[in-house]
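In case you want the letters, here they are:
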Amino acid sequence: PKLRLWHKMDRYWRVPKAFVKVYLLSPTVYQSPRSMTLNRIFQRVLKDDLNSFVYDASLAGCSYKVSCHPTGYRISVRGYSEKLPFLLDTLTTRMLSLIAEMKAGDPALQAKFDKAKESLLRETKNYRLDSPHDVANYNSRLLMEDAVWYLHNYIDVMEGPSAQAHPLTMEDCARSAEESLTGRIRGEALCMGNINEAETHKVK
């Protein structure tokens, strides 16, 4: 009841490749500047953690992407259709196990968390130095949205008065990601390419 699944099988080109995209809609990701920041940090920690796995997957002709947006998480995998269900299962399983390890305070993940936080802070500060076109697009989007957080809100959470009063911790990051990925969510998924109906249902 919380997932809508779309399926389109390639009957013309008949290439042994497929594409699966899952969009997890969550009301908690953009709940506050703090929750948005923590989820973005989690995305970076996950990417850093899976670097070696991604290399092996690329040799097998597969790739993945996990991105965090104000409305939720987008997970996409593409490549040879025979291995895609395994790749998606491995990816989602690692996302959940990573949350558990971060909540337990793994020292190796703490280093990755600190690195991700610093890179996100630097990127946020430098955004105003981007091309005028990109900055204008960002400002126009802010004008058209009702509930929106600004760059200085995110910077404040990472190094301003808010950060001093309530520092961002790896455990907070794990709890925020867990709530956004397993709490009140609904999903939208698309399976396209060399993948039949039976294989599509495995995505659920």
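Structure first, text after, so check above.
Everything quoted here is computed from the prediction, not taken from an experiment.

Let us look at the overall build of the protein. Scanning the protein from terminus to terminus reveals 9 helices and 5 strands. Secondary structure elements of the protein, listed N to C terminal, follow the sequence β-β-α-α-β-β-α-α-α-α-α-α-β-α. Oriented by its inertia axes, the alpha-carbon framework of the protein measures out at about 55 × 40 × 35 Å. Residues counted as buried form 39% of the 204 residues belonging to the protein. When contacts within the protein are restricted to residue pairs at least 6 apart in sequence, those whose partners lie at least 24 apart make up 78%. Carbon and sulfur atoms provide 56% of the accessible area of the protein, an area that totals close to 12000 Å². Counting 29 positive and 24 negative side-chain charges, the protein places the centres of these two groups 5 Å from one another.

With 50 residues, the main nonpolar core has Phe42 and Met102 as its most contacted residues. Considering every element that reaches this core, the biggest residue donor is helix H3 (residues 84-103), with 8 residues. Those residues in contact with Met102 that lie beyond four places of it in its chain are Phe42, Val45, Leu109, Phe113, Met170, Glu171, Cys173 and Ala174.

Before going further, it helps to examine the packing of aromatic side chains. On inspection of all chains with the given rule, the structure shows 3 aromatic pairs. Note on Tyr12 and Trp13: the rings are 4.9 Å apart at their centroids and 90 degrees apart in plane angle, and the pair reads as edge-to-face. Judged on exposure class, the residue Tyr12 and its partner Trp13 are both exposed. Between the aromatic rings of Tyr127 and Tyr138, the centroid separation amounts to 5.2 Å while the plane-to-plane angle is 65 degrees, which identifies the pairing as edge-to-face. Taken together, the residues Tyr127 in the loop between helix H4 (107-126) and helix H5 (132-144) and Tyr138 in helix H5 connect sequence positions 11 residues apart. Look at Tyr138 and you get buried, because its relative accessible area is 8%. Directly above the ring of Tyr154 sits Arg40, whose terminal nitrogen or CZ lies 5.0 Å from the centroid. Over the aromatic face of Tyr23 sits the side chain of Arg74, whose NZ or CZ is 4.6 Å from the ring centroid.

Time to look at the sheet that holds strand S2 (residues 17-25). Within the open sheet, the 5 strands sit side by side as S1-S5-S2-S4-S3. Their pairing is mixed. The outermost strands of the open sheet, each flanked by one partner alone, are strand S1 (3-9) and strand S3 (62-69). Sheet twist, expressed as the mean angle between neighbouring strand axes with direction ignored, is 10 degrees. Two strands pair when backbone bridges link them, and S1 and strand S5 (residues 186-193) are joined in this way by 7 bridges, in the parallel orientation. Across the sheet, Leu5 pairs through a bridge with Ala189, a residue of S5.

A complete count under the given rule lists 11 salt bridges for this structure. A salt bridge links Lys115 to Asp48; its shortest N-O distance comes to 4.0 Å. Here Asp48 lies in helix H1 (residues 33-49) and Lys115 lies in helix H4, a separation of 67 residues in the sequence. A relative accessible area of 56% means that Lys115 is categorised as exposed. In this structure, the salt-bridge partner of Arg141 is Glu145, at a minimum N-O distance of 2.9 Å. A residue is classified by how much of its surface remains accessible, and Arg141, at 34% relative accessible area, is partly exposed. What you see here is one network of salt bridges that share partners, running through Asp49, Arg94, Glu101 and Lys112.

Thresholds applied
Residues numbered from 1 in each chain as written. Predicted model: local features only at pLDDT ≥ 70, side-chain atom pairs only at ≥ 80, totals over all residues. Heavy atoms only, no water. Helix = DSSP H or I, 4+ residues; strand = E, 2+ residues; numbered from the N terminus. Buried < 20%, exposed > 50% of the residue type's maximum accessible area, 1.4 Å probe, protein only. Contact = heavy atoms within 4.5 Å. Areas by Shrake-Rupley, 256 points an atom, 1.4 Å probe, with all protein chains shown as cover. Lys, Arg positive; Asp, Glu negative; His and termini not counted. Charge placed at Lys NZ, Arg CZ, Asp CG, Glu CD. Core = buried A, V, L, I, M, F, W, Y, C linked by side-chain atoms within 4.5 Å. Phe/Tyr/Trp six-rings, centres within 6.5 Å; stacked < 30°, edge-to-face > 60°. Lys NZ or Arg CZ within 6 Å of the ring centre and 35° of its normal. Pairing = 2+ DSSP bridges. Axes fitted to C-alpha atoms, helices over the stretch in contact; angles between N-to-C directions. Salt bridge = Lys/Arg side-chain N within 4 Å of Asp/Glu carboxyl O.

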